[in-house]
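Now for the letters of each chain:
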Amino acid sequence: MNELLTAVRAGRHHDVPPLVLALDRPGRRSALAELKELRKEVRGWDWRRRDRIRKALLVAGAGCHTGAAACAAWIGGRDLRDWTRSPYPLILASLKDRDPAWLGDLAHRFAGRSALSDAEYIFVGELTRIARVPIPVTDNLVTGWTELVGAARWRHRTRRPLTEVLRDDPHTAVLAPRLFEMAELPPQVDFYDAPDPQDHWPGALCTLAEEGVLDRSYLVERCVARLMRGGKSVDQRFFLAVLQRLEATEDEEKSHLRDWTAMAADGIAPVASHAQQVLVRLDARGELPVRELADVSGAVLFRQEKKLVRAQLTLLGKVLRRDSSTADELLPAVAEAFGHEAIDVQERALKLVARYLPAATGPEVRELLASAAAQLGPVHREAVTTLFGGLVEEVPQETYEEFLPPAPVLRRQEPAPETVAELVEEVAARVKAHASERWIPASAVLDTSAGITGFERALDGLVRLARSDREELTGSLREALAGVHFVEHGLSPYMVDPRGISTSHGLSVVVASLLGLVSERDRVAWRAKTVVTGSDACAHAALNGVLLDRVWEASEAIAAGRVPFLLATPTWHTGAVEAAELVERLRTYRELGVHPGPADFAQALLRVRRSDRPERAEAAAAAEALGTGEGDRLAAWIRAEESVAPVLRHPATAVSRPSEGTWWQRKTTGARQVLLATRERLVIQREFPEAFHWLGRAQLPRAQECYHWGPERSSHWTATLPGDPETLAAWLMPDLMFAADQGQRGAVGFLPALAESAGEIGGAMHLALAYGLGARHPEDRTAAVDTLLVLAARGRLDGALLGRELAILVDRDLVKVNRTADALGTAAATGACRTVLTVLAAMLPGLLAYEKTPRGLGDLLSVAAECAERCGTGGIEPIAGLAATAGRKGSSQTVRQAARLLAAFGERKDQGTAPRNLTEKRR
C-alpha cells in the first residue's frame, strides 16, 4: 500500500495498475482511505502540483474501489478529469481482475453520469465488450458517441464522409435513434447545407434508413413527434430536414393530419411552412376536411409571418373556387386576416370575402363578417361600406391614452458591509467571476456586477474594515479566495491594463495589495499605466484609467491605514454623490487630520449631483466654511455648474441636413460618419491627477473601432460622470455608430443608464439614441427602446429632434430603415404611440423625398399609420411628401401604407390625453 501511495504522489501513473492488482481486498480498502485523504489535500495545491498526480490518483482510486457505484462516482469526479491523454486504458488495466458482471454494472452506472466525452464513450464501450453486455443507451453516452464520430471524420488530416463513419461504427443502429428522443440534440450534431447531402447528419441518417441500418418508419414518427413537441429552433430545423429527406408517404401524411394542423398553427416558421405544404397536398387529394381547414386557417392567419398568411389565403381561395358552398365555414376564417398588421394582407382577405360573400347563405355569417370588417382602418372604410352597407356599425372612437413606463427615481446606495464575513462574501463573489480570465478580447467577457453600486460598496468596505479589522479581513480573504489564480500566482498584466479592466479586476488589485502580493516595483510600474496619452487614446481606456488610478490609490490608503472611508462612494444608484454629504465627509477628514487622496477627491467632484440653485448655494457655502483647500475646490466646482467637457453643438435642430464645418464627418467605406467633438476643461488639466487629464482635453471624434474594449463593462464609465450624459454620449458615439453600421454587439447597453442621469439631455444623447435605434442586433435596439421610453417618461425626449437625427443618419447610410422601423414599432407596442408618431413625423419627410424608395420605408410607414390610427394626428403637421407617395401607381407596401397613413390624417384629429406612467403597464 505504501508503495502505491508513493507512486501516486510521484505522479507515476503507469506504475499504478500492477501495484493495485498486487493488493488484496482489505489492502485496497485501506489504500482507498488514504487516497481519499490525498484527494482532499490535493484540492488546496496549486494547479501545477495537482496536474502532476491527478491521473495517477484517478487510476489508483478506481482500482481500489470495490463497489461499482462508488467506482463510477470516483472516475467521473470533476477534480480528477483534467488530462492531456485519456487515462482509461490504465483504468481498464487496474480493473482486469474484476468479474464481467461487475464491469457491466460499472458501465451502466458510468454511462448515466453527465457530460461524457468521446474518450469516455470508448471506455464504456470497452467495458461492455469485456463484460459481453449490450451498450447502455443514455443521453450522455450518445453525446460522447457524437463527439467520437466528429473526431473520426478528421483523422489523418483528411475528411471522411459522415455516412461512411456512421456505417463503420458498430453502435450506430442502437445509438442513432436515441438522438430523436433526447431533450436537446448534442452540439456535435451539426446541420448545414453541405454540397454532399450525405456529409451532414440529416442526410447521413436518411441514407442509413434507406440502407436498412435504421428503421425509416420509426424516424418519421419520431420526427413528427419532435416537431409537435417544439424546442430549440436549431433542433426543430434538424428534425424537419430529416423528415423532408425521408419524404413521408401519402398514408403517413394522412395519418398525421392533426399534427400538420397543429404545426401550421404553432410551429416555427420553417416547420409551419412544411406543414402548410402537406395540408395543400392533402387538400389536392381530397383528404382535408373543410372543418379542419377552417380551424387551422383561423390560427395561421393570426400569425405574423406574411408568407404563411398569404399562402393560407391562397389555399382558402382554391377551396372556395372549387366549391363555393364552403363559404359559410371558410369566410369567417378568412376574416381573421382583417386583424393582421400588413395592409396588403387585409386587402387580399377583403377581396376574397367580397368575391364569395354572395355564396354565404346564413345572415349570421354576413353579420359576423361585417363586424370583423368594421375593425379595418380608414383606408378600407369605403370598400367595407360598399360591401356590407348598413350591417357595418361605426366603431366608437376611444379617447387615446399614452402609456409610458414609470419615470425612474433615485435610489440610495446601500452602505458598505459592516462585518468581515459579509464583505468577504461579496468581494469573493465578484472576484471569482473573473478569476479564470486571461488576455482575451474584452467584448467576449461579461462584467457580472449588477451596476457600479456593488463595486463601490465593496471597495469602500475594504478601506473601512482594513483599518479596523485588518488581520481578520486578510485571513478571511485568503481562505475565501484560495485557488484563485492571482492569489496563487500574483496579478497578471491584463488585470492592470486600462484597455480591458473591469470592476472585478479593480477589486482584485486592491485584494492583492492587501494580501501583500504586489511588490513596490510592480505597483509603481503598473500605476504609471493609468495615465492615457497619445492622439490615438480612446475614451474607454481613459475612463478605465480613472478606475485603475482610484483602486491603486485605495490600495495605498489601505496600506497606510489612515483613511476611514472613501469620499467618492456614491450616494445614489446612478453613481452621483450629494454635495451636502460630500461636505460632511470632508468635515470628518478634517477632524481626523486625514488628507484626501487626489484621485478619490477628483472622482468625488465629478460625481457631485447638480441640484437647484438654493441647494447649490447652501452646499457651496458649507464647503467653503470648512476652511480647507478641498472645501474651497468643492465650493468652486459647485458654483461653476459646468459640464466636464461641453459638447460642441450641431445644427440638427435647425436644418434637416448638416453643413460642412459644423458636424465632424469623415468619408470611410462610402458612409459619412456623423460624430461630435467636446471642448477642453482647463480646471481638470490643472487641478486633477494626471490620470484624469484626458477627460479635460478637447476631443475630436475618432471613427476608429477599438478592438480591446468590452461594451458590457460600461457600468463604471457612466458612474465616472453620472451628471454628464451629453459628454459620455459624445465620447462613446463611435461605438454606437459601429453598432449600427458594422454590427458591433453590446455597444448600446450604457444608454439606459445615461437616460436616468440628472444631467442635461441634448443633441448628443438624441444622436446617440438615433444610432441605437438603428443598431444591427435586436438586443441593442431593445436597449435603445428602453432609453427612448425612459426619456419620454421623464419628459426629456425631443421627438422632432430625434426624428431629424434619424433622417440624417439614414441619408448618410449609417442606419437602416428596416431596423429603425422594428425598434420604433416595439416602442409603439408598449403604448407610446404618440411619442413614436412625433418622431416619425419629423423623420419621414426626408425619406419620402428620395427618388428611389429606401428599403424598409413601407415598414416605417406602417408603424406611423398604426400609431396615427390609435392616437390621432391632432397637433402634428401634415407630413411633406406623403400625399405624393400615396398617389403613386402600383400596389407596393410603401404606396399602400402611405395611403393608410394619409387616410389616418384625415380621419382622426383627436390628441388623446397626456402621457401616463403606469407601473402595471410596463413593456
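Residue numbers restart at each chain and count upward from 1, following the sequence in its written direction. Where local features are concerned, this predicted model is filtered to residues with pLDDT of at least 70; where side-chain atom pairs are given and counted, the filter is 80 or more; whole-chain, interface and lining totals use all residues. Side-chain metrics in this entry use all non-hydrogen atoms of the structure; hydrogen atoms and water are not considered.

Caption draft 1: Highlighting the overall build of the chain. Within the chain, the secondary structure is distributed over 48 helices and four strands. Each residue's exposure class comes from its accessible area (1.4 Å probe, protein chains only) as a fraction of the maximum for that residue type: buried when under 20%, exposed when over 50%, partly exposed otherwise. Scored against the burial criterion, the 923 residues of the chain give a buried share of 55%. Two residues qualify as a contact provided that any one of their heavy atoms is within 4.5 Å of a heavy atom in the partner residue. At a minimum sequence separation of 6, the contacts of the chain that also span at least 24 residues come to 76%. Carbon and sulfur atoms provide 50% of the accessible area of the chain, an area that totals close to 39,900 Å². Think of it this way: any DSSP run of H or I at least four residues long counts as a helix, any run of E at least two long counts as a strand, and we number them from the N terminus. Surface exposure here means Shrake-Rupley accessible area, sampled with a 1.4 Å probe, where a residue is shielded only by the protein chains that are shown.

Caption draft 2: Main features of the confidence of the model for the chain. A score from 0 to 100, pLDDT tells how confident the predictor is in each residue. Averaged over every residue, the pLDDT of the chain is 86; the share at 70 or more is 89%. Within the model, the stretch residues 651-671 combines pLDDT values under 50 with 49 contacts to residues more than four positions away or in other chains.

Caption draft 3: A look at the packing of aromatic side chains. In summary, the pairing rule links any two rings of Phe, Tyr or Trp, Trp by its six-membered ring, whose centres are within 6.5 Å, and it sorts them by plane angle into stacked for under 30 degrees, edge-to-face for over 60 and tilted for everything else. Enumeration over the complete set of coordinates arrives at twelve aromatic pairs. Their ring planes at 65 degrees and their centres at 6.4 Å tell us that Tyr88 and Phe110 sit as a pair that is edge-to-face. In this pair, Tyr88 is assigned in helix H6 (residues 88-94) and Phe110 in helix H7 (residues 100-111), connecting sequence segments 22 residues apart. Its relative accessible area of 1% is what places Phe110 among the buried residues. Between Phe110 and Phe123 the ring centres are 5.6 Å apart and the planes differ by 85 degrees, which places this aromatic pair in the edge-to-face class. Placement of the pair is Phe110 in helix H7 and Phe123 in helix H8 (residues 118-131), with a sequence separation of 13 residues. Judged by relative accessible area, Phe123 falls into the buried class, the value being 1%. Through a chain of ring-to-ring contacts, the aromatic side chains of Tyr88, Phe110 and Phe123 assemble into a single cluster. We call a charge positioned above a ring when the Lys NZ or Arg CZ atom is no farther than 6 Å from the ring centre and deviates by at most 35 degrees from the ring normal. Note that Arg412 overlies the ring of Trp572, its terminal NZ or CZ placed 4.7 Å from the centroid. Between Arg681 and the ring centre of Trp637, over which it is positioned, the NZ or CZ distance is 4.8 Å.

Caption draft 4: Seen up close, the pattern of salt bridges. The term salt bridge refers to a pairing of a side-chain nitrogen on Lys or Arg with a carboxyl oxygen on Asp or Glu at a separation within 4 Å. All told, the structure shown has 52 salt bridges when counted by the stated rule. The partner of Arg109 in a salt bridge is Asp105, and the shortest N-O contact between them spans 3.0 Å. With Arg109 and Asp105 both in helix H7 and four residues apart, this pair spans about one turn of that helix. Across the pair Asp139 and Arg178 runs a salt bridge, and its minimum N-O distance is 2.8 Å. With Asp139 in helix H9 (residues 139-152) and Arg178 in the loop between helix H11 (172-175) and helix H12 (201-210), this residue pair connects regions lying 39 residues apart in the sequence. On the accessibility criterion, Arg178 (23% relative accessible area) is partly exposed. What emerges from the salt-bridge pattern is a single network uniting Glu520, Arg523, Arg527, Asp549, Glu553 and Glu556.

Caption draft 5: Main features of the packing of helix H16 (residues 257-266) against helix H17 (residues 269-284). Here the axes come from fitting lines to C-alpha atoms, over the contacting stretch only for helices, and the angles between their N-to-C directions go from 0 to 180 degrees. At a minimum axis separation of 8 Å, H16 and H17 run at an interaxial angle of 135 degrees. Viewed along their axes, H16 and H17 adopt a mutual orientation that is oblique. With respect to the hand of their crossing, H16 and H17 are arranged in left-handed fashion. Here Leu257, Trp260, Thr261, Met263 and Ala264 of H16 lie close against H17, whose contacting residues are Val271, Ala272, His274, Ala275, Val278, Leu279 and Leu282. Here the word oblique covers every angle except those under 35 degrees (roughly parallel), over 145 (roughly antiparallel) and from 65 to 115 (roughly perpendicular). Crossings are sorted by hand: turned counterclockwise from the far helix by less than a right angle, the near helix makes the crossing left-handed, and turned clockwise it makes it right-handed.

Caption draft 6: Up close: the environment of Pro417. Relative to the elements of secondary structure, Pro417 occurs in the loop between strand S1 (401-404) and helix H24 (420-432). In this structure the C-alpha to C-alpha distance between Pro417 and Ala458, which are 41 residues apart in sequence, comes to 7.3 Å. Leaving out residues up to four positions away in the same chain, Pro417 has contacts with Glu422, Leu423, Glu426, Arg457 and Leu465.

Caption draft 7: Broad picture of the environment of Val895. Inspection of the secondary structure puts Val895 in helix H48 (residues 893-907). By relative accessible area, which is 9% here, Val895 ends up buried. Along the sequence, Val895 and Ala884 sit eleven residues apart, while their C-alpha atoms lie 9.4 Å from each other. Discounting residues that sit within four places of it in the chain, Val895 has contacts with Thr885, Ala886, Arg888, Lys889 and Gly890.

Caption draft 8: A look at helix H45 (residues 833-848). A helix's residues, less one, multiplied by 1.5 Å, set its expected span. The terminal C-alpha atoms of H45, which comprises 16 residues, lie 21 Å apart, in line with the 22 Å expected from a rise of 1.5 Å per residue. Given a residue, its bend is the angle between the two axes fitted to the seven residues that end at it and to the seven that start from it. Residue Ala842 marks the point of greatest curvature in H45, where the axis turns by about 30 degrees; the proline Pro845 follows within four residues. Most of H45 sits out of view: twelve of its 16 residues are buried. Regarding H45, the residues found buried are Cys833, Arg834, Thr835, Val836, Leu837, Val839, Leu840, Ala841, Met843, Leu844, Leu847 and Leu848.

Caption draft 9: Representation of the environment of Ser892 within the structure. In this fold, Ser892 is placed in the loop between helix H47 (882-886) and H48. When the C-alpha atoms of Ser892 and Asp344 are compared, they prove to be 8.6 Å apart, with 548 residues separating the residues in sequence.

Caption draft 10: Expanded view of unusual backbone geometry. Its identity is not glycine, yet Arg132 carries a phi of approximately 60 degrees, on the positive side. On the basis of relative accessibility, which here comes to 77%, the residue Arg132 falls in the exposed class. Its identity as a non-glycine residue notwithstanding, Glu247 has a phi of 55 degrees, on the positive side. Residue position: Glu247 is located in the loop between helix H14 (233-246) and helix H15 (250-255). What makes Glu247 exposed here is its relative accessible area of 59%.

Caption draft 11: Representation of the packing of helix H5 (residues 68-75) against H7. Close contact between H5 and H7 brings their axes to 9 Å; oriented N to C, the two are set at 50 degrees. The angle between H5 and H7 falls in the class oblique. The chirality of how H5 crosses H7 is right-handed. Contact with H5, carried on its side by Ala68, Ala69, Cys71, Ala72 and Ile75, involves Trp102, Asp105, Leu106, Arg109 and Phe110 of H7 and no other residues of that element.

Caption draft 12: Inspection of the side chain of Asp283 at higher detail. When you line up the elements, Asp283 lands in helix H17. Residue class for Asp283 comes out buried when judged on its relative accessible area of 10%. Once you skip the residues sitting within four places of it in the chain, Asp283 turns out to touch Leu288, Leu315, Val319 and Arg322.

Caption draft 13: Spatial organisation of the state of the cysteines. Here, the term disulfide refers to a pair of cysteine sulfur atoms separated by no more than 2.5 Å. Applying the stated rule across the entire model yields zero disulfides. Free cysteine: Cys71, not disulfide-bonded; nearest cysteine sulfur from Cys64 at 9.9 Å.

Caption draft 14: Representation of helix H28 (residues 503-514) within the structure. Here H28 contains twelve residues, and its C-alpha end-to-end distance of 17 Å stays within 8% of the 16 Å for a straight helix at 1.5 Å per residue. Burial analysis of H28 places eleven of its twelve residues in the buried class, the great majority of the element. The positive-phi residue at the C-terminal boundary of H28 is Gly516, with phi of around 75 degrees.

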